[in-house]
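Now for the letters of each chain:
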Amino acid sequence: MARSIARSLAALLLLAWALAQGLTPREVQVLERLVAEALPRDPAYLRALADLEAARSSLGLLGALSAEAGASLSGDYGQVSPSYRLSVSLNLAELFRDKGPALRALEAQAEDAARAVRLRVAEAFFRWLAAREAARAAADGVEAREAELKAVQARARVGGATPAEVLAAAERLSQARLALYRANLDLALALEGLARAVGLPLEALRALLRPLEEGGGTPGAPPPSGRP
């Protein structure tokens, strides 16, 4: 019950923090899903949970009980018969020892590990969002420079622009395309970083991110046939 309340509180805190960063509700949902995928894949978090569960299982009477079992062989005149022994002891000092501080320390350790996972995933997610927006802006820049070059070329055909102006417009388009290439490279690196943070292969990660691309296309995608 306590663990369920802690998880709900952590989810609410993550939601509030994400909304404060200016994320859309859909982006918040995707971030929550990424964190949920990352937690059971994080070794430090799993170790902390295992230590906590072991400490909880040691509480009460069962934790103070210890048992010893053994077997020996004995017999007369060459006849061998098994002999078994079992001893059970109760450690009263262990039974009445206050394990609250140690248990709270382990709970805090598990929460710290979970918080580290949330922070790592959120940072990688924000880097990917920023890289995606940069790639989209670079793609828009290419479209703008393409339109500019076509306009300058049209004016040049009727004597309204000089060859130098056409060359300058072509150079600006070349620079815009180079910026798009670099932005797409940054986007690919950010995607790989997010995959490592979550612990998922790229294809599985792309499936989780797909809701953010619905209706908006994929930034930096190859241009349609016939487009420069």
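What comes next concerns the included structure. These numbers come from a predicted model, not from an experiment. (Residues numbered from 1 in each chain as written. Predicted model: local features only at pLDDT ≥ 70, side-chain atom pairs only at ≥ 80, totals over all residues. Heavy atoms only, no water.)

### Topic: the pattern of salt bridges
At step 1: Across all of its chains, the model carries 15 salt bridges by this definition.
At step 2: Residue Glu-37 pairs with Arg-41 through a salt bridge whose shortest N-O separation is 2.8 Å.
At step 3: The closest approach of N and O atoms between Arg-136 and Glu-213, which form a salt bridge, is 3.1 Å. A residue pair is termed long-range when its members are at least 10 positions apart, and Arg-136 in helix H6 (residues 100-157) and Glu-213 in helix H8 (residues 202-213) qualify at 77 residues.
At step 4: What makes Arg-136 partly exposed here is its relative accessible area of 23%.
At step 5: The exposure class assigned to Glu-213 is buried, which follows from its relative accessible area of 15%.
At step 6: Because the salt bridges share partners, they merge into one network encompassing Glu-27, Arg-132, Glu-133, Arg-136 and Glu-213. (Salt bridge = Lys/Arg side-chain N within 4 Å of Asp/Glu carboxyl O. Helix = DSSP H or I, 4+ residues; strand = E, 2+ residues; numbered from the N terminus. Buried < 20%, exposed > 50% of the residue type's maximum accessible area, 1.4 Å probe, protein only.)

### Notes on the nonpolar core
At step 1: Formed by 50 residues in total, the largest nonpolar core has its most connected members in Leu-34, Val-121, Phe-125, Trp-128, Leu-194 and Leu-209.
At step 2: For this core, the secondary-structure elements that each account for two or more residues are helix H2 (25-38), helix H3 (43-57), H6, helix H7 (163-198) and H8.
At step 3: No other element matches H6, which puts 18 residues into this core.
At step 4: Residue contacts for Val-121: discarding those within four places in its chain leaves Leu-31, Leu-34, Val-35, Ala-38, Leu-194, Ala-197 and Val-198. (Core = buried A, V, L, I, M, F, W, Y, C linked by side-chain atoms within 4.5 Å. Contact = heavy atoms within 4.5 Å.)

### Re the packing of aromatic side chains
At step 1: Counted under the stated rule, the structure contains 2 aromatic pairs.
At step 2: For the pair Phe-125 and Phe-126, a centre-to-centre distance of 6.4 Å together with 50° between the ring planes defines the contact as tilted.
At step 3: With a relative accessible area of 0%, Phe-125 lands in the buried category.
At step 4: Judged by centre distance (6.1 Å) and plane angle (25°), the rings of Phe-125 and Trp-128 are stacked. Of the two residues, Phe-125 and Trp-128 both sit in helix H6, 3 residues apart, roughly one turn of that helix. One exposure class covers both Phe-125 and Trp-128, and it is buried.
At step 5: Ring-pair connections join several aromatic residues into one group, and the members of that group are Phe-125, Phe-126 and Trp-128. (Phe/Tyr/Trp six-rings, centres within 6.5 Å; stacked < 30°, edge-to-face > 60°.)

### Considerations on a nonpolar patch on the surface
At step 1: On the surface, Leu-178, Tyr-181, Leu-185 and Leu-189 cluster together to form a nonpolar patch covering roughly 400 Å² of accessible area.
At step 2: Along the polypeptide, Leu-185 turns up in helix H7.
At step 3: Note on Leu-185: relative accessible area 43%, which makes it partly exposed. (Patch = residues over 30% accessible without salt bridge, like charges linked within 9 Å, V, L, I, M, F, W, Y side chains within 5 Å. Areas by Shrake-Rupley, 256 points an atom, 1.4 Å probe, with all protein chains shown as cover.)

Fair warning: the whole summary comes from geometry, so function is off the table for now.
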